[in-house]
Amino acid sequence: MIERALTGSKRYWEWIGILFVLSAVGMMTYLVQRFSGAESTGLSRDVSWGLFIGNYTFFVGVAASAVIVVLPYYVHDYKEFGRIAVFGEFLAVAAIAIAGLFIFVDIGQPLRSFNILLHPTPGSPLFWDTIILPVYMALNVLIAWGVLEAEEKSIPPCGWIKPLIYISIPWAIGIQTVSAFVYAGLTGREFWNTAILAPRFLVSAFASGPALLIVMCILIKRLTGFDPGKKALGQLAVIVAYSMILNLFFIVLEFFSSFYSGIPSHTQSLEYLFFGLDGHGMLVPWIWTSVTLAIAGTALLVVPRVRKNDAMLAAACILVFVSVWIDKGFCMVVAGFIPSPMATITEYVPSLFEVIITIGIWAMGFLMLSFLYKIAISVKEEAII
Amino acid sequence: MDINRREFLKIAGASTIVGILGGWTAVEVLAPGELESRQSPQALNAKRWAMVVDTKRMDEANARNCIEACHRIHNVPSIDDTKSEVKWVWLEPFEHAFPLSNNEYLAESIKERRFLVFCNHCDDPPCARVCPTKATWKREDGIVMMDQHRCIGCRYCMAACPYGSRSYNWKDPRPFIKKGNPDYPTRSNGVVEKCTFCAERLDQGLMPACVEASKGALIFGDLADSASEVREILRTHYTIRRKLSLGTDPSVFYMV
């Protein structure tokens with residue numbers, strides 16, 4: 001089946017070429033960072049996690065959102081999602097690869113990563129992350145590959161795939177919950193230390209992941225001979241809209257419990273993020289952009305006419321995706337570090353190094369996704385003929 | 001070279017025996033806990049090491065000596081940039097050291113004073129709780145220890161420490177070490193470090209470097225021993241600890 005990724009049109013290879021170059025530039029830049037030290041990042045003693053860890057969190061969410069197509073299709077037999085299930089699963093695979101790469105480039109001694117397995121520490125959420133993320137990736141590879149191979153041969157999928165599908169559903173919720181626990185269990189970081197961090201992560205994942213999947217499906221429809229189906233995308237769009245509404249509602253809840261109680265340690269990070277604190281407000285324009293895009297995207301998605309129009313639907317989904325990325329992939333991590341434990345404010349701006357490495361990792365992820373989607377599409381195109 | 005079967009077997013047998021003996025010795029000598037437990041007889045021991053800072057006596061000049069002694073002995077690099085600096089012990093005003101107890105009507109003498117801060121060696125250390133490799137952990141004597149050779153540089157402990165006591169090596173620290181101490185390891189780029197209550201000096205029967213340099217402004221002893229000097233001070237003086245409400249139970253006390 002893998003050979004299907006190796007034949008394609010000129011346009012396919014041009015796209016692969018662009019991604020390859022971006023990945024290579026990212027990798028070279030990473031090597032410079034690796035050997036000169038992380039001083040080339042904008043990180044500091046006070047804000048010790050930034051763009052990389054934010055992206056990791058965001059893409060774990062994208063990966064978890066595969067459950068949005070898997071659950072209705074395989075458990076509730078919602079047939080419309082049959083045409084897109086494999087795309088959701090492959091998206092999860094690529095998203096986990098991206099998340100893992102972001103951790104890899106963030107840590108100072110990546111060659112020692114196996115210490116996590118050599119000295120297992122069940123008390124650390126990062127230990128659990130290291131175990132469950134690769135397993136989730138493997139589950140999705142096996143499920144998608146198995147189903148697709150059966151489709152290629154026009155036979156029913158093997159029996160062992162069913163239990164894997166059932167395991168993958170709670171597993172998806174698990175990976176995003178654990179990545180919330182990485183933050184939510186910390187002492188003295190009140191911005192993260194909230195019980196609704198995991199639910200917030202989950203609803204924003206269920207908005208951003210399917211939004212990306214919709215955009216991908218519309219592209220597939222435009223560029224190839226395979227149509228994922230209007231009804232499926234419309235249904236996904238409804239899920240994105242509701243998830244986004246819940247996401248905004250949860251932020252309102254955070255505001256209420258922080259500002260009504262008025263406890264400074266609970267309000268300060270939110271104040272910094274949304275209004276600026278003691279004259280520092282680097283994230284303010286970003287978070288309001290995110291809020292604006294969230295409201296605009298959600299407002300568009302609740303209109304049935306928008307959901308039926310491919311171009312409008314794609315635009316609305318891009319708004320949602322960008323909005324969640326700004327909020328969860330960037331602001332959420334940084335604001336948790338401000339103010340510092342010493343009640344001082346050190347702001348964070350990602351360096352050019354970080355931005356280039358980030359683009360490189362996105363490109364690597366999309367490279368993987370392009371290969372996987374190419375395989376799936378060519379199988380499905382044949383099935384139509 | 002010609003060797004017959006008999007000679008070959010002799011050599012092979014002999015080398016096998018030597019190999020097994022050598023391997024066995026290595027296993028015995030290097031077994032976990034064997035080398036480490038060979039403490040010198042004069043080593044100082046405690047159930048829970050603790051520090052009292054007499055903040056009135058800890059004036060700026062005194063504090064500078066303490067910081068200098070610590071940073072020199074432990075090969076702490078002098079990096080001026082506040083973003084990438086590495087520090088084990090340093091001075092902070094009251095509002096930074098005790099932000100949860102900050103009070104705008106604070107006595108002027110307290111407002112003007114600066115407080116020596118370092119790792120609190122918490123009884124329930126959040127940093128050790130989150131470390132995914134056990135590169136930081138609490139020893140039986142209460143010291144929160146750090147193994148810079150196991151640390152993978154994920155910086156989770158820095159996010160977890162509510163006192164900002166941990167520093168990361170954002171670059172190779174070696175060019176920034178002023179006068180190196182060959183008896184203490186230097187660190188590499190990409191690992192976290194912090195105060196260790198001079199665990200290596202306690203093992204040799206010496207007090208922590210800062211305590212030695214402090215002219216009596218730092219008192220170090222066993223918190224679990226009710227007859228210790230530390231406990232005597234705590235019984236007779238009002239002391240405070242940093243962010244006590246977080247439940248980390250710091251082992252560093254401040255006389256104000």
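Along each chain, numbering runs from 1 in the same order as the chain's sequence is written. Written order decides the labels, with chains lettered from A and ligands numbered from 1. The predicted nature of this model means local features are confined to residues of pLDDT at least 70 and side-chain atom pairs, given and counted, to a pLDDT of 80 or more, with totals for whole chains, interfaces and linings taken over all residues. The basis for every side-chain value is the complete set of non-hydrogen atoms in the structure, without hydrogens or water.

Q: Requested: an account of the overall build of chain B, with residues and values cited.
A: Here a strand is any run of E in DSSP of at least two residues, a helix any run of H or I of at least four, and the numbering for each starts at the N terminus. A count of helical and extended segments in chain B gives nine helices and 10 strands. Each radius of gyration reported is based on C-alpha atoms, and the globular scaling rule is 2.2 Å times the count of residues to the power 0.38. Over its C-alpha trace chain B gives a radius of gyration of 23 Å, far above what one expects of a compact globule, namely 18 Å for 256 residues. Principal-axis analysis of the C-alpha atoms gives chain B an extent of 95 × 45 × 35 Å. A 1.4 Å probe rolled over the protein chains alone gives each residue an accessible area, and that area as a share of the maximum for its type sets the label: buried under 20%, exposed over 50%, partly exposed in between. Burial statistics for chain B: of 256 residues in total, 51% are counted as buried.

Q: I'd like a description of the overall build of chain A, backed by residues and values.
A: Counting its secondary structure elements, chain A contains 14 helices and zero strands. Starting at the N terminus and walking to the C terminus, you meet the elements of chain A as α-α-α-α-α-α-α-α-α-α-α-α-α-α. For a compact globule of 385 residues, the expected C-alpha radius of gyration is about 21 Å, and chain A comes in at 21 Å, within 12% of that figure. With the principal axes as the frame, chain A shows a C-alpha extent of 65 × 50 × 40 Å. A total of 385 residues make up chain A; the buried ones form 58% of that total. Carbon and sulfur atoms form 73% of the exposed surface of chain A, whose accessible area is close to 15500 Å². Note on areas: Shrake-Rupley, 1.4 Å probe, and residue coverage restricted to the protein chains presented here.

Q: Could you give me a rundown of the packing of aromatic side chains, with the residues and numbers involved?
A: Residues and elements named next belong to chain A. Note on aromatic pairs: the rings of Phe, Tyr and Trp (six-membered ring only in Trp) are paired at centre separations within 6.5 Å, and the planes decide the class, stacked below 30 degrees, edge-to-face beyond 60, tilted for the rest. Within the structure shown, the criterion is met by 40 aromatic pairs over all chains. Taking the centre distance of 5.3 Å and the plane angle of 70° together, the rings of Phe127 and Trp128 count as edge-to-face. Residue classification places Phe127 among the buried positions, given a relative accessible area of 9%. Measuring from ring centre to ring centre gives 5.5 Å for Phe274 and Trp288, while their planes differ by 80°; the resulting arrangement is edge-to-face. Of the two residues, Phe274 is situated in helix α10 (residues 264–274) and Trp288 in helix α11 (residues 284–301); the sequence distance between them amounts to 14 residues. For Phe274, a relative accessible area of 6% translates into the label buried. By the criterion adopted, a ring carries a charge over it if an Arg CZ or a Lys NZ lies within 6 Å of its centre and within 35 degrees of its normal. In this structure, Lys328 is placed above the aromatic ring of Phe201, and the distance from its NZ or CZ to the ring centre is 5.3 Å.

Q: So what's going on with the domain arrangement of chain B? Which residues, and what values?
A: What counts as a domain boundary in this text is fixed by an automatic or database domain assignment. Per the domain assignment, the segments making up chain B are domain 1 (1–31) and domain 2 (34–255). On a C-alpha basis, the centroid separation for the pair domain 1 of chain B and domain 2 of chain B is 50 Å.

Q: Can you tell me about the confidence of the model for chain B, naming the residues and giving the values?
A: Along the chain, pLDDT gives the predictor's confidence residue by residue, from 0 to 100. With 95% of its residues at a pLDDT of 70 or more, chain B shows a mean pLDDT of 92. Among the prediction metrics, the complex's ipTM stands at 0.93, with pTM recorded as 0.92.

Q: Describe helix α6 (residues 125–152) of chain A, and please don't skip the residues or the numbers.
A: When the terminal C-alpha atoms of α6(A) are compared, their 40 Å separation across 28 residues agrees well with the 40 Å that a helix rising 1.5 Å per residue should span. Residue A:Ser154 follows α6(A) closely and has a positive phi angle near 50°. The length a helix should cover is 1.5 Å for every residue beyond the first.

Q: Describe the state of the cysteines, and please don't skip the residues or the numbers.
A: All names here are of chain B. Cysteine sulfur atoms that come within 2.5 Å of each other are treated as a disulfide pair. Considering all chains together, one arrives at zero disulfides over all chains under this definition. Cysteine Cys119 remains unbridged, with the sulfur of Cys195 as its closest cysteine sulfur at 5.5 Å. On the basis of relative accessible area, Cys119 is assigned to the buried category, the value being 7%.

Q: Which residues make up the interface of chain A and chain B, and what values do they have?
A: It only takes one pair of heavy atoms within 4.5 Å for two residues to be counted as in contact. Listed as interface residues are 46 residues of chain A and, on the opposing side, 49 residues of chain B. Overall, the association of chain A and chain B removes approximately 3600 Å² of surface from exposure, summing both partners, and the carbon and sulfur fraction of that is 53%. For the chain A face of the interface with chain B, the top three residues by lost area are A:Arg45, A:Thr187 and A:Met342, together amounting to 25%. What makes a salt bridge here is a side-chain nitrogen of Lys or Arg within 4 Å of a carboxyl oxygen of Asp or Glu, nothing more. In this assembly, chain A and chain B are joined by two salt bridges. Residues B:Arg155 and A:Asp106 are paired through a salt bridge, measuring 2.7 Å at the closest nitrogen-oxygen approach. Polar contact is the term for a pair of N or O atoms within 3.5 Å; when the atoms are in protein, one must be able to donate a hydrogen and the other to accept it, and sequence-neighboring residues count only if both atoms are side-chain atoms. Viewed at the interface, chain B and chain A are joined by 29 residue pairs in polar contact (both at pLDDT 80 or more). For the side of chain A that touches chain B, the secondary structure elements donating two or more residues are α1 (10–36), α5 (115–118), α6 and α7 (161–184) of chain A. Buried area: the accessible area, evaluated with a 1.4 Å probe, that two parts lose upon being put together, summed over both parts.

Q: So what's going on with the nonpolar core? Which residues, and what values?
A: What is meant by a nonpolar core is a set of buried Ala, Val, Leu, Ile, Met, Phe, Trp, Tyr and Cys residues, joined one to another through side-chain atoms within 4.5 Å. Counting 153 residues, the largest nonpolar core has A:Trp49, A:Phe87, A:Ile175, A:Tyr183, A:Trp192, A:Leu301 and A:Tyr373 as its most contacted members. The element best represented in this core is helix α8 (residues 197–223) of chain A, accounting for 16 residues. The contacts of A:Tyr373, once residues within four sequence positions are left out, are A:Phe87, A:Phe90, A:Leu91, A:Leu213, A:Met216 and A:Ile220. In this structure, B:Tyr184, B:Val211, B:Phe220 and B:Tyr254 belong to the second largest nonpolar core, which totals 42 residues.

Q: Outline the packing of helix α9 (residues 230–261) of chain A against α11(A), supporting the account with residue identities and numerical values.
A: All names here are of chain A. Interaxial angles span 0 to 180 degrees and are taken between N-to-C directions of axes, which are lines fitted to C-alpha atoms, for helices over the stretch in contact. The geometry of α9 relative to α11 is characterised by a closest axis approach of 9 Å and an angle of 140° between their N-to-C directions. Taken together, the axes of α9 and α11 are oblique relative to one another. As α9 packs across α11, the resulting crossing turns out to be left-handed. Every residue of α11 that contacts α9 at Ala237, Val240, Ala241, Met244, Ile245 and Leu248 is listed here: Ala294, Ile295, Thr298 and Leu301. Along the lines of polarity and charge, the residues of the contact of α9 with α11 split into nine nonpolar, one polar and no charged. Just so you know how the angles are binned, under 35 degrees is roughly parallel, over 145 roughly antiparallel, 65 to 115 roughly perpendicular, and the rest oblique. For any pair of crossing helices, the crossing counts as left-handed if the nearer helix is rotated counterclockwise from the farther one by less than a right angle, and right-handed if it is rotated clockwise. In this classification, Asp, Glu, Lys and Arg are treated as charged, Ala, Val, Leu, Ile, Met, Phe, Trp, Tyr, Cys and Pro as nonpolar, and every other residue, Gly included, as polar.

Q: An account of the pattern of salt bridges is needed here, citing residue identities and associated values.
A: Residue and element names in this part refer to chain A. Inspection of every chain in the model, using the stated rule, returns 22 salt bridges over all chains. Among the ionic pairs, Glu152 bridges to Arg4, the shortest N-O distance being 2.6 Å. Linking Glu152 in helix α6 with Arg4 in the segment before α1, this pair joins segments that are 148 residues apart in sequence. Judged by relative accessible area, which is 11%, Arg4 ranks as buried.

Q: Help me get a handle on the pairing of strand β1 (residues 49–54) of chain B, residues and values and all.
A: Residues and elements named next belong to chain B. Counting buried residues along β1, six of its six residues qualify, which places the element largely inside the surrounding structure. Neither face of β1 is left uncovered, since the one carrying Trp49, Met51 and Val53 and the one carrying Ala50, Val52 and Asp54 both have all their residues buried. We treat two strands as partners when DSSP finds at least two bridges between them. In the sheet, β1 pairs with strand β8 (residues 218–222) via five bridges, with the strands oriented antiparallel. When the bridges of β8 are listed, Ala50 appears paired with Gly221. Pairing of β1 with strand β10 (residues 252–255) involves four bridges; the strand directions are parallel. Looking at the pairing, Asp54 lines up with Met255 of β10.

Q: Lay out the side chain of B:Arg155 with the relevant residues and their values.
A: Tracing the backbone shows B:Arg155 in the loop between β5 (144–146) and α6 (156–160). On the basis of relative accessible area, B:Arg155 is assigned to the buried category, the value being 1%. Of the polar contacts made by the side chain of B:Arg155, one reaches the backbone oxygen of A:Ser48; its length is 2.7 Å. Apart from residues lying up to four places away in sequence, B:Arg155 is in contact with A:Leu43, A:Ser48, A:Trp49, A:Asp106, A:Ile107, B:Tyr168, B:Trp170 and B:Val192.

Q: Any chance you could break down empty space enclosed by the protein for me, citing the residues and the numbers?
A: Unfilled space is identified by rolling a water-sized probe across the atoms. Residues and elements named next belong to chain B. Here a cavity is any set of points on a 1 Å grid over the protein atoms alone where a 1.4 Å probe fits but cannot get out, and a pocket is any open set with protein on both sides within 12 Å along at least 5 of 7 lines; a residue lines the site when it has an atom within 4 Å of a point. Grid points are joined across faces, edges and corners, and a volume is the space filled by probe spheres set on the points. Applying the stated criterion to the full structure yields 10 cavities of 30 Å³ or more. Taken as a whole, the largest cavity spans an internal volume of roughly 90 Å³. In this structure, the largest cavity is lined by 13 residues; those nearest its centre are Cys70, Cys195, Phe197, Cys198 and Cys210.

Q: Would you mind going over the sheet that holds β1(B) in detail, with residue names and values included?
A: Residues and elements named next belong to chain B. If you walk across this open sheet you meet the four strands as β8-β1-β10-β9, and the pairing is mixed. Two strands close off the open sheet at either side, each with one partner strand: β8 and β9 (239–240). Packed on one face of the sheet, helix α9 (residues 229–236) meets β1, β8, β9 and β10 and runs near 115° to β8.

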